[in-house]
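Structural overview for review
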Amino acid sequence: MQSWLNRALFGISPDEASFARRGFQDTTPAKRAHLEQIGRTFISGYLASLEARALDALDERLNAVAAEFRGFAFEGAGMGLALTDRFWRRRSPRFEQFLAGRGAAHCYMLHVGYGWALARLPWLRRNPERVRRNYDERLGWLILDGYGFHEGYFHWRATIRDRRVPSTLSRAAARVFDQGLGRSLWFYNGADVERAAACIHRFAPQRRADLWSGLGLAATYAGGAGEQELSKLLHLADEYRSHLAQGAAFAAKARTLAGNETPHTGMACRLLCGVSCAQAAEVTDSALFAIQRSGIAGEPYEAWRSEIRSQLQIAGAALSQSL
């Protein structure tokens, strides 16, 4: 009964992923088809979570998705589990159960999916950082990343065209929101690297680094651009190249942890980070170890991102010298 009610209350049509419905910038047929497939896969994972009576059955259904798109299905499921947990006020939240169990390898995507649920529930949007503090001190920030992506994807007129930021966010939270918003720019601009770069440069200078980080993450994880285009993206990033690389490293880690690496991710890491996909993923781990060992004060997620940028610069330079 509740599965039917979930679908009736919270269902989203797969048509919501179309460029025509979203009003996104036009692009090549191949890019549009690829990005729309990602959106539809997210929605299918979301709907599966609304309908699933058992988490084992949900996991089986999500893992039936092709590896390239599987992470998006888990992201959608994260949204559905979080949204229904909060709406029905479950005493044993299914999101936490799934995150600790079958969905653990997709922890990055599940946290991002939670951000979509936050965006849909007004009482969570009023204090998003309270929600974030209930989760891992670093990965919990990805909830705010998901919030930013949702707002760019569904409300681009306010967040991309008018460049508004929710007033409820602290400066630290707004930076992570912008990382998610930067990911949405990849979709909004149809994976066109020149348009995406121009879009970022219409934002205030203090927001651009985080937007480039998100753009690098989406370009590496979602794909849709070829080698020459990604080389052009690196050139366009200019002073923000380290932030572009940091986003790409997060994408590499999310894919390697889940075991769904793609040739595109490897190519993007080589071009944007100067190292392989596996090496970029390892940098995120070594950076985390470094800041935990040093006991750096301050916000842990931003310290992690900063250390990733530093280590990628060293790793890329060392690889270049060895060639």
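Up top is the structure these notes are about.
Now for a description of the structure that goes with this document. (Residues numbered from 1 in each chain as written. Predicted model: local features only at pLDDT ≥ 70, side-chain atom pairs only at ≥ 80, totals over all residues. Heavy atoms only, no water.)

1. Structural notes on the overall build of the protein
Check the secondary structure of the protein and you find 19 helices and zero strands. For the protein, whose C-alpha radius of gyration is 18 Å, the value lies close to the compact-globule estimate of 20 Å for 323 residues. Taken along its principal axes, the extent of the C-alpha atoms in the protein is 60 × 45 × 40 Å. Relative to its 323 residues, the protein shows a buried fraction of 59%. For the protein, restricting intrachain contacts to residue pairs at least 6 apart in sequence, the fraction spanning at least 24 positions comes to 74%. (Helix = DSSP H or I, 4+ residues; strand = E, 2+ residues; numbered from the N terminus. Rg over C-alpha atoms; globule rule 2.2 N^0.38 Å. Buried < 20%, exposed > 50% of the residue type's maximum accessible area, 1.4 Å probe, protein only. Contact = heavy atoms within 4.5 Å.)

2. Things to note about the nonpolar core
Judged by nonpolar contacts, the single largest core of 113 residues is most densely connected at L58, W186, F187, W212, L233 and W304. The dominant element in this core, judged by the number of residues it contributes, is helix α7 (residues 107–120), at ten residues. Apart from residues no more than four positions distant in its own chain, W304 is found in contact with Y108, R138, L139, F250, T284, A287, L288 and I291. (Core = buried A, V, L, I, M, F, W, Y, C linked by side-chain atoms within 4.5 Å.)

3. Some details on α7
Counted at 1.5 Å a residue, the expected span for α7 with its 14 residues is 20 Å, and the 21 Å between its end C-alpha atoms agrees. Within α7, 13 of the 14 residues are buried, which leaves it mostly tucked inside the rest of the structure. (Expected span 1.5 Å × (residues − 1).)

4. Observations regarding the side chain of T27
Along the polypeptide, T27 turns up in the loop between α2 (19–22) and α3 (29–51). Of the residues examined, T27 reaches a relative accessible area of 15% and is grouped as buried. For T27, the side chain forms a polar contact with the main-chain oxygen of G190, separated by 2.8 Å. In this view, T27 contacts F19, R32, G190 and R195; residues no more than four positions away in its chain are not counted. (Polar contact = N/O pair within 3.5 Å; in protein donor to acceptor, adjacent residues only side chain to side chain.)

5. Some points on the environment of Q179
Relative to the helices and strands, Q179 is located in helix α12 (residues 171–188). Ignoring anything within four residues of it in the chain, the contact list for Q179 reads L142, D145, D210, S213, G214, L217, Q246, F250, Y301 and R305. A polar side-chain atom of Q179 sits 3.0 Å from a polar atom in the side chain of R305.

6. Let's talk about the packing of aromatic side chains
Tallied over the entire structure, the rule returns 25 aromatic pairs. Chaining the aromatic ring pairs together yields one cluster made of F19, F24, F42, W116, F149, Y153, F154, W156, F187 and Y188. One residue, R132, lies across the ring of W141, its end atom 3.9 Å from the ring centre. (Phe/Tyr/Trp six-rings, centres within 6.5 Å; stacked < 30°, edge-to-face > 60°. Lys NZ or Arg CZ within 6 Å of the ring centre and 35° of its normal.)

7. Quick word on a nonpolar patch on the surface
The grouping of L9, F87 and W123 at the surface amounts to a nonpolar patch, some 280 Å² of accessible area in total. Structurally, L9 can be placed in helix α1 (residues 2–10). Take L9: its relative accessible area is 46%, and that puts it in the partly exposed class. (Patch = residues over 30% accessible without salt bridge, like charges linked within 9 Å, V, L, I, M, F, W, Y side chains within 5 Å. Areas by Shrake-Rupley, 256 points an atom, 1.4 Å probe, with all protein chains shown as cover. Salt bridge = Lys/Arg side-chain N within 4 Å of Asp/Glu carboxyl O.)

8. Examining the state of the cysteines
Going through the model one piece at a time under the given rule, you end up with zero disulfides. The thiol of C273 is not disulfide-bonded; the next cysteine sulfur, from C269, is found 4.7 Å away. Residue classification places C273 among the buried positions, given a relative accessible area of 7%. Free of any disulfide, C277 has its nearest cysteine sulfur in C269, 4.5 Å distant. (Disulfide = S-S within 2.5 Å.)

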